[in-house]
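# Topology and contacts: notes
Chain by chain, the residues:
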Amino acid sequence: MSVLLAGTAIAILLGWKNKPETTLPQPKRPNIIVILADDLGFSDLGCYGGEIKTPNLDYLAQNGLRYTQFYNTSRCCPSRASLLTGLYNHQAGIGKMTEAENEPGYYGHITQNTVTLAEVLKTAGYHTAMTGKWHVSNTNVQKTPQEQLDWLNHRTTHETFSPLEQYPTSRGFDKFFGTLWGVIDFYDPFSLVSGTQPITSVPKDYYHTDAINDTAVAYIREFAKTKQPFFLYVAENAPHWPLQAEPKDIAKYKDTYKVGWEAIRKARYEKMVKMGLIDPRQTKLPQRWNDKLTWANNPDTAWDALAMAVHAAMIDRMDQGIGRIINTLRATGQLDNTLIVFLSDNGASSENAANYGPGFDRSGETRDGRKIIFATKKEAPPGPQTTYASIGQRWANVSNTPYQYWKAESWEGGVHTPMIAYWPKGITAPKGSFNSHVGHVMDFMSTVVELSGATYPATYKGHTIPATTGLSLVPSFSGQQNKGHQTLFNEHFGARYAREGDWKLVSGSGRDSTWRLFNLAADHTETVDLAVQYPDKVKHIDSLWRQWANTHNVFPKPGSRK
């Protein structure tokens with residue numbers, strides 16, 4: 001029974017239906033906060049097996065629910081598009097990135113034939129606000145590379161970073177503070193706006209993770225003064241590269257990663273088993289990626305240990321800000337009736353940020369003229385504003401323990417996210433329990449519709465809206481171990497998967513597009529390929545994927561194949 005109908009139903013059962021003056025009041029609808037991390041690995045958080053200090057997220061997990069089979073779409077902007085609209089990302093217009101390709105599925109922005117969580121919740125009387133990374137609008141670029149670089153280096157200013165009709169405040173958010181584009185300098189971010197107004201300078205002590213969370217705190221304080229419930233989307237940029245963190249946070253982890261990849265990965269796996277997050281009978285620890293290079297033989301141990309320490313420091317700082325959000329909810333009397341969900345947009349990134357060099361969304365020097373070093377040879381330490389670096393493939397493999405591969409791939413390491421749900425008044429499952437519900441980022445739409453009493457529209461502002469294929473997470477809040485999605489699909493730059501029940505068909509993004517088949521119930525880390533043993537199963541699930549691809553704008557043109 002819907003929470004919204006509970007008061008009326010009780011009144012009728014007690015024979016009060018003819019006495020409206022004594023009808024019990026309806027329970028207050030919950031506030032809803034969605035916190036999305038960027039490139040966070042499956043095991044980075046303490047409550048998911050990691051050694052990084054995340055006491056505030058651990059508190060949410062220990063007093064809420066942790067999901068063990070929750071999925072994203074393998075990369076930043078596609079996952080955000082799916083999360084915001086309740087659709088697969090191609091349906092929402094972002095099959096690749098934010099470049100406009102003028103093809104259904106590849107417009108590079110969330111299209112007008114979608115509705116966002118904010119637009120739907122506004123119709124139900126919710127305040128709506130967002131802080132952080134938008135990354136679901138087309139990117140306005142300048143005519144020449146030098147003009148673009150001057151803009152990135154804060155030498156010139158322009159009024160818009162994306163078409164105004166694609167800004168968050170044009171898609172249902174009453175308030176917005178954050179960045180429109182993807183990559184940022186954490187000390188002086190490009191594409192930073194308040195509402196639609198570009199922010200042309202920041203204080204000397206500015207750090208973007210703090211600004212995201214402190215603005216969220218300010219919004220909560222404002223909304224708490226009213227009787228309306230609120231929806232807040234906190235889209236963190238951490239721990240996405242470039243690796244930039246405050247020295248005092250880095251210092252906490254200066255020795256942690258000197259033991260190397262093997263030791264950290266093994267310790268995480270053993271902690272996950274001990275806490276009951278994974279079953280070692282079905283989730284074995286695979287061979288470490290490209291393990292011919294051992295930590296003992298690694299010539300760059302000092303740099304690599306520091307890189308992972310900065311990654312940890314960025315997550316630590318994010319957790320500190322989330323703690324301020326929790327404390328503000330508690331101080332304003334909002335915590336008990338606020339649903340907080342936390343997840344990541346994809347697995348940890350294997351990208352070598354240094355190889356990209358300046359251009360597009362990466363500055364070449366700071367505002368005050370200091371040159372930024374893209375440390376292709378690890379010649380500059382990660383952490384400060386003047387270095388662009390990332391953790392690389394081997395640490396990404398560790399961050400995604402126990403799963404294989406990483407961001408942009410359809411293997412579990414790319415698409416399998418940690419997900420925490422916390423709501424004291426609404427979650428009745430045992431505190432700190434795990435739930436194996438097969439969920440997906442598109443499920444938030446159906447969840448908030450059920451909780452808010454809103455209606456997911458068939459049409460909106462003259463546009464036909466596709467039906468959402470998301471499933472409400474509300475039944476899982478009572479501890480039901482329902483199966484969730486029977487089928488799930490993905491495609492991104494050729495990487496793809498199809499899941500039916502416990503069977504998963506997956507192929508990589510490189511030249512090898514061979515389908516591989518795994519039984520996740522027995523082999524959740526995808527180590528034993530069963531494709532040769534079960535050719536009919538491969539053929540059947542492949543047909544499901546192709547049917548999905550043909551009906552969800554995955555192929556750029558009718559009849560073509562990617």
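The paragraphs below set out a description of the structure included in this document. Since this is a predicted model, take the numbers as computed values, not measurements.

### A few points about helix H3 (residues 76-85)
- Among the 10 residues in H3, 10 count as buried, and that is most of the element.
- Just beyond H3, the residue with positive phi is Gly86, at close to 75°.

### Regarding the pattern of salt bridges
- A full pass over the atoms with the stated rule returns 34 salt bridges.
- Across the pair Asp279 and Arg281 runs a salt bridge, and its minimum N-O distance is 2.8 Å.
- We note a salt bridge from Lys378 to Asp304, for which the minimum N-O separation is 2.7 Å. Note that Lys378 is positioned in the loop between strand S9 (373-374) and strand S10 (387-388) and Asp304 in helix H10 (residues 301-331), a separation of 74 residues in sequence.
- Classification of Asp304 as buried rests on a relative accessible area of 6%.
- It is possible to trace a salt-bridge network through shared partners that takes in Asp210, Asp214, Asp249, Lys252, Asp316, Arg317 and Arg324.

### Some thoughts on the sheet that holds strand S1 (residues 31-37)
- The mixed open sheet is built from 10 strands, whose spatial order is S6-S5-S4-S3-S7-S1-S8-S11-S2-S12. The two strands at the open ends of the sheet, each matched to only one other strand, are strand S6 (197-198) and strand S12 (433-440).
- One ladder, built from five bridges, connects strand S2 (residues 65-71) with strand S11 (residues 416-422); its direction is antiparallel. Across the sheet, Phe70 pairs through a bridge with Thr417, a residue of S11.

### Overview of the environment of Ala235
- With respect to the helices and strands, Ala235 occurs in strand S7 (residues 230-235).
- A C-alpha to C-alpha distance of 9.1 Å links Ala235 and Arg80, two positions 155 residues apart in sequence.
- Discounting chain neighbours no more than four positions away, the residues touching Ala235 are Leu36, Arg80, Met130, Thr131, Gly132, Lys133 and Ile212.

### Considering the pairing of S7
- Among the six residues that make up S7, six are buried, leaving the element largely enclosed by the rest of the structure.
- Here S7 shows two buried faces, one formed by Phe230, Leu232 and Val234 and the other by Phe231, Tyr233 and Ala235.
- Of the strand pairs in this sheet, S1 and S7 are connected by five bridges, and their pairing is parallel. When the bridges of S7 are listed, Val34 appears paired with Tyr233.
- Alignment of strand S3 (residues 127-133) against S7, held across six bridges, turns out to be parallel. The residue of S7 that forms the bridge with Ala129 is Leu232.

### Some details on the sheet that holds strand S18 (residues 516-519)
- Judged by pairing direction, the sheet is antiparallel, and its four strands sit side by side in the order S15-S16-S17-S18 without closing on themselves. The sheet is open, and its two edges are formed by strand S15 (487-492) and S18, each paired on a single side. Each neighbouring strand pair of the sheet contributes to a mean axis angle of 15°, computed without reference to strand direction.
- When S15 meets strand S16 (residues 495-500), the two strands line up antiparallel, connected through six bridges. Opposite Thr487, over in S16, you have Glu500 as the bridge partner.
- Contacts from helix H15 (residues 535-551) reach S15, S16, strand S17 (503-507) and S18 within the one sheet, and its direction differs from that of S16 by about 115°.

### Overview of the packing of helix H7 (residues 208-223) against H10
- H10 packs onto H7 with a crossing angle of 10° between their chain directions and a minimal axis gap of 9 Å. Classed by the angle they form, the pair H7 and H10 counts as roughly parallel. Between H7 and H10, the contacting residues are Thr209, Asp210, Asn213, Asp214, Ala216, Val217, Ile220 and Arg221 on the first element and Arg317, Met318, Gly321, Ile322, Arg324, Ile325, Thr328 and Leu329 on the second.
- Here the contact of H7 with H10 is built from residues that sort into seven nonpolar, four polar and five charged.

Criteria and cut-off values
- Residues numbered from 1 in each chain as written.
- Predicted model: local features only at pLDDT ≥ 70, side-chain atom pairs only at ≥ 80, totals over all residues.
- Heavy atoms only, no water.
- Buried < 20%, exposed > 50% of the residue type's maximum accessible area, 1.4 Å probe, protein only.
- Helix = DSSP H or I, 4+ residues; strand = E, 2+ residues; numbered from the N terminus.
- Salt bridge = Lys/Arg side-chain N within 4 Å of Asp/Glu carboxyl O.
- Pairing = 2+ DSSP bridges.
- Contact = heavy atoms within 4.5 Å.
- Axes fitted to C-alpha atoms, helices over the stretch in contact; angles between N-to-C directions.
- Parallel < 35°, antiparallel > 145°, perpendicular 65-115°, else oblique.
- Nonpolar A, V, L, I, M, F, W, Y, C, P; charged D, E, K, R; others polar.

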